[in-house]
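# Structural characterization, general
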Amino acid sequence: MAKVYYNNEINESVLQGKKIAILGYGSQGHAHASNLKDSGFDVIVGIRPGKSYDQAVEDGHEVYSVQEASAKADIIMILLPDERQTAVYENEVKPELSAGKALVFAHGFNVHFNQIVPPSDVDVFLVAPKGPGHLVRRTFEQGAGVPALFAVYQDATGQARDLALAYAKGVGGARAGVLETTFQEETETDLFGEQAVLCGGTTALVKAGFETLVEAGYQPEVAYFECLHELKLIVDLMYEDGLAGMRYSISDTAQWGDFVSGPRVVNADTKARMKDILEDIQTGKFAKGWLLENQLNRPEFNAINRRESEHLIEKVGQELREMMPFVKAGKKKAAKEVVS
Ligand code: NDP
Ligand code: MG
Ligand code: MG
C-alpha cells in the first residue's frame, strides 16, 4: 500500500516566513489563497484586472499583477487555466524567477508535456487537490479537506519535498490524506479520470440512459430524475462506504440488476476504448490536440459546447431544478466548477 501523509506527520515550519504568490483566482486559486492564509501563511495573489481580481480584493487578499506577485514571492503557485499558462509564464513569471524560488503547479500538464521548461536553479513541484476548487475551500471551512497528490519534479534547494508537504497541509489536503506521485503519473491519471470516468464517462452514460427512456416514450422528467438527479444520491453512498455500502442501501432487486446489467453496459469493449483513451494521453496525442484546438481559438470545443447545451436533458433539468432551490443553495459560485 502507498504511504499516505496526514497532518500530524508534516512539519509546516519550512513554509513559514516564505511569501507565497497564488497566480489566478478561479476555482483552485481562491481556495488555495484563502486556505493557506487561514493556515497562517504569508499569501499574496497575482491576477490580471477583472472579475477574479475584484473577488480577490473583496476576499481581503493582498493583490498584485502576475509579474509583481512573481517578483515578490518565494513560492509561485500557477493556478491559471492550463492552456494559458505557457504564455503567462514566459512573459510575466520567468523574468522574475531567481535561484532558490519554487515554481508550483496543481496539475502536471504543462511541465510533463514540455510547454513550460523551468530553469534548473528553482524548485519545481506540484500539489494537486483531488477535487473541485470550491470544495477545497468549502470542506476546509467545515474543518475537513480534499485529498491531494504531491510530486517533486526538480529539487534545487533540497527542500522541495518538505515544501510540497507543508503546502499540501496548508490547503487542507493532509486532513484527508496526501500521497506522493510523479508529474507523469499525476498528469496521465488526472486526464484519464476526467475523460473516461468522472466527466466524459459519466455525462455520456447519463445522456445515453436518458435518451433510451425518452426515445421509448417515457416522460423526460421521469428520465431526468432516474438517470441524472438520483446519480448524486447513489454516488454519495459509494463515496461514504464504497460499492458494498451503496449496494447495502439499495433494494436486492436493484442489486441483482446492478450485477447482471452493469457489465452489459460497460463491457470488455468499453474497457478496450478506455485503453485507447489512456494511450492517447500517454503518447501526448490528446495534449497536442487540445493545445492546437486552443491555438485555433477553439472551433470544435465551442461547437460541441453549443450542441450539448441544447440537449433536452439540459432544458428539462433547468426547469426541474428551479423547483428544487435546495439543490442549488450555496452553489452559485460553483456553477462553473469542473473536475479538472
Ligand atoms: P479557472 O479557470 O477556474 O481560473 C483561472 C484563473 O486564472 C482565473 O482567476 C482567471 O482570471 C485567471 N487568468 C486567466 N488568464 C489569465 C491571464 N492571462 N493573466 C492572469 N490571470 C489569468 O482555473 P482552475 O482553477 O480550474 O485551474 C487552475 C489549475 O488548477 C489548472 O492547472 C488545473 O488543471 C488545476 N486544477 C483544477 C481543478 C479544479 O477544480 N478546477 C482541480 C485540480 C487541479 P479571469 O477571471 O480574469 O479570467
Ligand atoms: Mg482532477
Ligand atoms: Mg484535470
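Residues numbered from 1 in each chain as written. Chains lettered and ligands numbered in written order. Predicted model: local features only at pLDDT ≥ 70, side-chain atom pairs only at ≥ 80, totals over all residues.

### Remarks on the overall build of the chain
Of the regular secondary structure elements, the chain holds 16 helices and nine strands. For 340 residues, the compact-globule formula gives about 20 Å, and the C-alpha radius of gyration of the chain, at 22 Å, lands near that figure. C-alpha atoms of the chain, sized along the principal axes, occupy 65 × 45 × 40 Å. Out of the 340 residues in the chain, the part that is buried amounts to 31%. If you take every contact in the chain between residues at least 6 apart in sequence, the share linking residues at least 24 apart comes to 66%. (Helix = DSSP H or I, 4+ residues; strand = E, 2+ residues; numbered from the N terminus. Rg over C-alpha atoms; globule rule 2.2 N^0.38 Å. Buried ≥ 20, exposed ≤ 12 C-beta atoms within 10 Å, placed from the backbone. Contact = placed C-beta atoms within 7 Å.)

### Let's talk about the UniProt feature "domain: KARI C-terminal knotted" (unreviewed entry) in the chain
The UniProt record annotates "domain: KARI C-terminal knotted" (unreviewed entry) at residues 182-327. Helix makes up 87% of residues 182-327 and strand 0%, with an end-to-end C-alpha separation of 37 Å. (UniProt positions renumbered as here; feature names shortened; annotations may be inferred.)

### Brief notes about helix H8 (residues 183-198)
Listed in full, the buried residues belonging to H8 are Phe183, Glu186, Thr187, Asp190, Leu191 and Ala196. Buried residues in H8 make contact with helix H5 (109-112), strand E7 (123-129), strand E8 (148-154), helix H9 (200-215), helix H12 (268-282) and helix H13 (285-295).

### Describing the site of ligand 1
Not every one of the 26 residues close to ligand 1 is listed here, only the nearest: Gly24, Gly26, Gln28, Ser52 and His107. Counting residues per element, the ones that place at least two in the shell around ligand 1 are helix H1 (27-38), helix H2 (51-58), helix H4 (82-93) and E7. Broken down by class, the residue content of the shell around ligand 1 amounts to 12 nonpolar, 10 polar and four charged. (Near = placed C-beta within 6 Å. Nonpolar A, V, L, I, M, F, W, Y, C, P; charged D, E, K, R; others polar.)

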